[in-house]
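Overview (structure and organization)
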Amino acid sequence: MNIDNCPRCGRIYVKNVMELCQPCIKELEKQYEICVKYLRENRGANIQELSDATEIPIKEITRFIREGRISIANAPNIMYPCEVCGTLIREGHMCDSCRGRLTKDLMNASKESAAAEASRKGSNGAYRAVDKLRGQ
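Where an unreviewed UniProt entry is consulted, the protein appears under the name Flagellar protein, with the organism given as Paenibacillus rhizophilus.

Structure (structure tokens):
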């Protein structure tokens, strides 16, 4: 039986899909229901208003949105923070700016890696020629 400490409260629990103990799962479900009820009654609310009115942290509301439990399709003012810079976004984990910067950094790293590989292979040219002669 796999057991672990609950990341929210620290209690020991039997591991499950949610990776939380049962009391925390119940609390999370209660928070979810409160959020959904508030959004049904206040469609124009933004995430800060939702958090202030329900006393549920933005982090938990964002978790509900990312899990697909709270749909923001019919809530035009609901946006959540980018995981990198905190800019408010409506989809994904990063804003366009951070995504572009990450893509640029990955392309630069790939080019540097390819250049290093080419220079490494190029420096062994004399030995490769000798190895080819020996192989014949």
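**Some remarks on the packing of helix α1 (residues 22-41) against helix α3 (residues 58-66)**
Two elements in contact, α1 and α3, have axes whose closest approach is 11 Å; the angle formed by their N-to-C orientations is 80°. As judged from the angle between their axes, α1 and α3 are roughly perpendicular. From α1, Leu28, Gln31, Tyr32 and Cys35 reach across to α3, where they touch Glu60, Ile61, Arg63 and Phe64. In terms of residue class, the contact of α1 with α3 is built from 5 nonpolar, 1 polar and 2 charged.

**A few points about the layout of surface pockets**
In this structure, the largest pocket encloses a volume near 220 Å³. Lining of the largest pocket is provided by Tyr32, Val36, Leu39, Arg40, Arg43, Arg69, Ile70, Ser71, Asn74 and Ala75.

**Details of the side chain of Glu60**
Examined against the element boundaries, Glu60 turns out to sit in helix α3. When sequence neighbours within four positions are dropped, the list of residues in contact with Glu60 reads Arg8, Leu28 and Gln31.

**Some details on the packing of aromatic side chains**
This structure, assessed with the given rule, holds 1 aromatic pair. Judged by centre distance (5.6 Å) and plane angle (70°), the ring pair of Tyr32 and Phe64 falls under edge-to-face. Taken together, the residues span a long stretch of sequence, with Tyr32 in helix α1 and Phe64 in helix α3 at a distance of 32 residues. For Phe64, a relative accessible area of 0% translates into the label buried.

The rules we used
- Residues numbered from 1 in each chain as written.
- Predicted model: local features only at pLDDT ≥ 70, side-chain atom pairs only at ≥ 80, totals over all residues.
- Heavy atoms only, no water.
- Axes fitted to C-alpha atoms, helices over the stretch in contact; angles between N-to-C directions.
- Helix = DSSP H or I, 4+ residues; strand = E, 2+ residues; numbered from the N terminus.
- Parallel < 35°, antiparallel > 145°, perpendicular 65-115°, else oblique.
- Contact = heavy atoms within 4.5 Å.
- Nonpolar A, V, L, I, M, F, W, Y, C, P; charged D, E, K, R; others polar.
- 1 Å grid on protein atoms, 1.4 Å probe; cavity = no way out; pocket = protein on both sides within 12 Å on 5 of 7 lines; lining within 4 Å.
- Points joined across faces, edges and corners; volume = space filled by probe spheres on them.
- Phe/Tyr/Trp six-rings, centres within 6.5 Å; stacked < 30°, edge-to-face > 60°.
- Buried < 20%, exposed > 50% of the residue type's maximum accessible area, 1.4 Å probe, protein only.

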